Amino acid sequence: MSQPFRLNKEGLINRNKKISFTFNGKKLFGYEGDTIASALIANGIHLVGRSFKYHRPRGFFGAGVEEPNAKLQVEFNGHSEPNVNATEMELVEGLSATSQNCWPSVNFDVGAINNFLKMFFPAGFYYKTFMWPKSFWYKIYEPFIRKAAGLGVASIEKDKERYEHKFEYCDLLVTGSGPSGLASAYAAAKNGAKVILAEDKPRFGGTLLTDDVSIDNLSGKDWAEKIISELKSMPNVTVKNRSQVFGYYDHNMLVMFERVSDHLEKKSKFTPRQRLWYIRAKETILSTGSIERPIVFGNNDTPGIFLSAAAKEYMKVYGVLVGKKPLIFTNNDSAYETALEFKKNNVEPTILDTREEHSSELIDEAKSKGIDIRFSHGVIVANGYKKVKSAKIGKLNKHKNSFDKIETVDCDCICVSGFWTPSVHLASQSGNKLKYEEKIDAFIPDKKKQQETSVGAANGSFTLEESLKHGFENGSNISAKITETKAEISIPNVNEKKYGAHDKFWCMPLPKNENPKRFVDFQNDVSVSDIEIALREGYRSIEHVKRYTTLGMATDQGRTSNLNGLQLVSNIENKIVPEVGHTTFRPPFTPITIGTIVGREVGMEYMPTRKTPMHEWHEKNNAVFVDAGAWKRPRYYKQGNETLFEASKREAKNVRENVGICDVTTLGKIDIKGPDAAEFLNRVYTNAWMKLPIGKARYGLMLREDGIVMDDGTTTRISENHYHMTTTTAQAANVLSHLEYYLQIVWPELNVNVVSTTEQWAGAAIAGPKSRDMLSKLYPDLDVSNDALPFMGYKESDFFGVPSRIFRISFSGELAYEINVKSDHGMFMWEKMMEVGKEFGNQPYGTEALSTLRIEMGHIAGPELDGRTIPSDVSLNGLVSKKKDFIGKNSLGREAFNVESRQKIVGLIPIDRKSSIPEGSHIVQDQNAKLPNPKLGHVSSSCWSVENNNPFSLAIMKDGKNMIGKKFFAVSPLKNKSIEVEVISSHYVDPEGKRVRS
Amino acid sequence: MLYIKCPYCGLRAQKEFSYGGDATVKRPNINEEVSSEDWDNFVYMRKSPRGKHIELWQHIAGCRQWIKVQRDTATHEIFQTAKVTEEIR
Ligand SMILES: [Zn+2]
């Protein structure tokens, strides 16, 4: 199988390694080092896709990131990826590529009818047509647009690949390894700076790989290789290919996308597919080069039309001819190099130069080689539907607005060059205010906001000599400021061809009565007439024109279309380009995969998992876990075929009747020490703390400054100046920050220190009427009687040889204790408790039973402390001191907090004593009332009361306790339920609180 | 991502900090009478300036100190950072 467009010798590909792949099902081969694009062109394939709006046939246009058309669906290494840029993706064995945005096939696309109905698809078409009637939107318009306009198809399979993130710091980041980038990196490296050099292509060297130049008597390519190998050998330099710096963020943070292994056929298990680098650079040198811009002409999107430099790159890097009968259409000298390259490979090009006859080093060389050059000429319209067959060309008149002569010439490709546009995306992203450089008809960086410097073509210098000089000088000067070392560097001698001036010509006029489409933006199908319409309809701001026409809004970010679009707008508006201004450049510069952004933060690694020291025991004993923040907590311990409901009922009932133990390690614990600790607590909590004796615990309520309850918990006085605070699991981190805020900022005069000890202690609650009996077995030498260890008492004692803390506190409302031991002893404590508790009927209980126990007791928790309730809303006004000041006190006097009808906590039971009330239900007077049905409150927590054997809920309700005895409906449209309920006290079980004190 | 100089730890990524609001707000003294207006101003009223602004940040994944950061709210430029006990002019 021969490749009809592959040259015999040229190129940097590895001809010893054939790689087979398929395109639209057809089996083909290329070589190692090919991109999908170069391999397809070598096989004579140009038609690769259909355009976005009109479904016109499209082929390759560029050879790298500038490519607007060749986006393929690619399957390789076991996954399918849409919108892959064929000019960037390297060929790997077994890869299979297919065209997208075409149906049923790229050769016959039903959607191409849009092309013939193009009068229906002008600028703003979607805005105008699909606006009304509104009801049509979901059913007719949207599905139609989606089907017609889709690009590739995202995979619905789980991505099995590995993606990584990396954080890096350096003195100097150099983005791009063309001549100016290499020179900068080299000079900085010699000064001892920590340098990262990033190159987006697989090969280093940029234009040195394709330009006919020499540096210090080496070819450009050889010089680049020499510099790169020297850089690689230096310990202070990191050199990365296949790495695109795509975003420039605040404070010199740049983000780079590295394609680590997409080009590898086989890779080891832990090799990531792609890697995202967050690079904090002291200084950045932007050597991003420039991108050739096209000249606009009729049917300029026909397959076979290339940027001239891309055609040269295909020959020089890949050994591939984009055609055998090329037309070179240019307004400047650089395309002559492409023509000479064709000639070198025995292909006869014809050059159409928009400039009048003149001479320059390159023109003279082309002439001397016998190349057919036609000055004052240009392509009017390309002929051929799926591939260029011929072109109607014209001799321009003096004013270049009509033609002296028109003729048709045969060709199989058109290589177009409209001069060069510096890639200023990163500079602009960094906040650099660009300026318009008349000399090159393009924007270049100007006033910088961050530590960045553009060099070489990115800065508008298009000669090698200038680029190298800028590179060496800037690399040396910028790094010397950081390293305070300046190594001697001699700038090498350069041999390059001198270019003449370019022609400020960017769009071919049309002959009378001819109106072929002239595209400005290929990827979004925006033509000259679309922009004309937008301006005719009154759009003036370039940002508005962009949005109305979608010019420059596709994934190629208008790399080849921006400046021509601006030229067009300024011509029509009779302005100059700098007055029109440019649109905003936004990251990412090139599309990157979602997988890379996510990195390793998937599945188990999405967030850290916090496990208590007893976790393994829970696992072994059939615990079903629930997430509590990052913690895993046993929700219930499943026995046999029990459901959650059955298990939690059993566990809760056992606590009420016998005794149960619960892992409470996750509660926030804060150690508070210092002579002013009592004063501090007195300010932090709403109740009084100055007289808490040593060895006693107290329940405390904490407010925010706006009077809303922040958290609740018990704090125990361990010794004179030492307190142990507990917080809810959810608020642990916030409470610590809150305390630190007041100690560090508001009352730095208080001599108090706080530190989190959550991880240091393992905790277990022992709850139930038999808990004291069990405790006395756990502490045979300790007096645990009600007198010796009363409610809210505290003792320290040995637990079978390990130190422990015993708190007599209760969340379940039963007689209860909490034991804390050092985390390392947690499992020992738990197993001992299970062993000793057997004779008392002890069972472990999970969070579901814990909730049941607290709800039926009327104890508040997260659902009641929802950031809207003040102490009196949850019946805790008894804890609010009238005598002293505390955080949030002044807010409690606000009028709205003291309205009698304010929503307050109540209990609810269903009238039928059977139907569970869904949490979140709204309480209404009349379940059939017209919507919006006036809401009287909401259900915050629900349980099945094991004490009374019927459902019970807590609710926050208007008029609070005044509603007791009345009947309402709890409605949950979400669960499609409406339950008649009666309002009762929120303290459903043991309202006097006798049990905890028994 | 901002690069914030903690006066205790040095330059660290924004990821390590949490934002804590306007640093120029002063809480009325504890145990002292305060008018409703002054209290409301302290709890609710905040300026939202474009430009220089002195803010509180906490080095939550570092030394846990609250610090002052003088930052331009429009450009994100950080002019100065300081301990909360120090003044930023
Ligand atoms: Zn710090």
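None of the values given here were measured: they were computed from a predicted structure. (Residues numbered from 1 in each chain as written. Chains lettered and ligands numbered in written order. Predicted model: local features only at pLDDT ≥ 70, side-chain atom pairs only at ≥ 80, totals over all residues. Heavy atoms only, no water.)

As a further point, take the coordination of the zinc ion. Residue and element names in this part refer to chain B. Within the first shell, the zinc ion binds the protein through Cys 6 (SG), Cys 9 (SG), His 59 (ND1) and Cys 63 (SG), at distances of 2.0 to 2.3 Å. The site at the zinc ion holds four donor atoms, and with the angles between them running 105 to 114 degrees, its shape is tetrahedral. Linear spacing of the donor residues for the zinc ion on their chain is C-x2-C-x49-H-x3-C. Separated by 50 residues along the polypeptide, Cys 9 in the loop between strand 1 (3-6) and strand 2 (10-13) and His 59 in the loop between strand 4 (52-58) and strand 5 (66-72) bring together distant segments of the chain. Taking relative accessible area as the criterion, Cys 9 reaches 30% and is therefore assigned partly exposed. (Donors = N, O, S within 2.8 Å, 3.2 Å for Na, K, Ca; no water. Tetrahedral: all angles 85-135°; square planar, octahedral: opposite > 155°, others 65-115°. Helix = DSSP H or I, 4+ residues; strand = E, 2+ residues; numbered from the N terminus. Buried < 20%, exposed > 50% of the residue type's maximum accessible area, 1.4 Å probe, protein only.)

Residues and elements named next belong to chain A. With respect to topology, five strands assemble into an open sheet ordered 17-24-18-19-20, the strand pairing being parallel. The strands lining the two open edges of the sheet, one partner per strand, are strand 17 (305-307) and strand 20 (372-375). Strand-to-strand twist across the sheet, computed as the mean angle between neighbouring axes with direction ignored, equals 20 degrees. Note: strand 18 (residues 326-330) against strand 24 (residues 413-417), five bridges, orientation parallel. Each residue of the ladder has a partner; that of Ile 328, found in strand 24, is Cys 415. With respect to the sheet, helix 8 (residues 334-344) is in contact with strand 18, strand 19 (350-353), strand 20 and strand 24, its orientation differing from that of strand 18 by roughly 165 degrees. (Pairing = 2+ DSSP bridges. Axes fitted to C-alpha atoms, helices over the stretch in contact; angles between N-to-C directions. Contact = heavy atoms within 4.5 Å.)

Below, the discussion takes up unusual backbone geometry. All names here are of chain A. Backbone torsion omega between Pro 587 and Pro 588 reads 0 degrees, so that peptide bond is classified as cis. Note that Pro 588 resides in the loop between helix 15 (577-580) and helix 16 (594-598). Residue Pro 932 follows Leu 931 across a cis peptide bond; omega there is -5 degrees. Looking at where Pro 932 falls in the secondary structure, it is placed in the loop between strand 46 (922-924) and strand 47 (937-945). One non-glycine residue, Asn 83, adopts positive backbone phi at about 55 degrees. You can see Asn 83 is positioned in strand 6 (residues 79-85). We classify Asn 83 as partly exposed; its relative accessible area is 33%. Positive phi is not limited to glycine here, since Phe 419 has a value of about 85 degrees.

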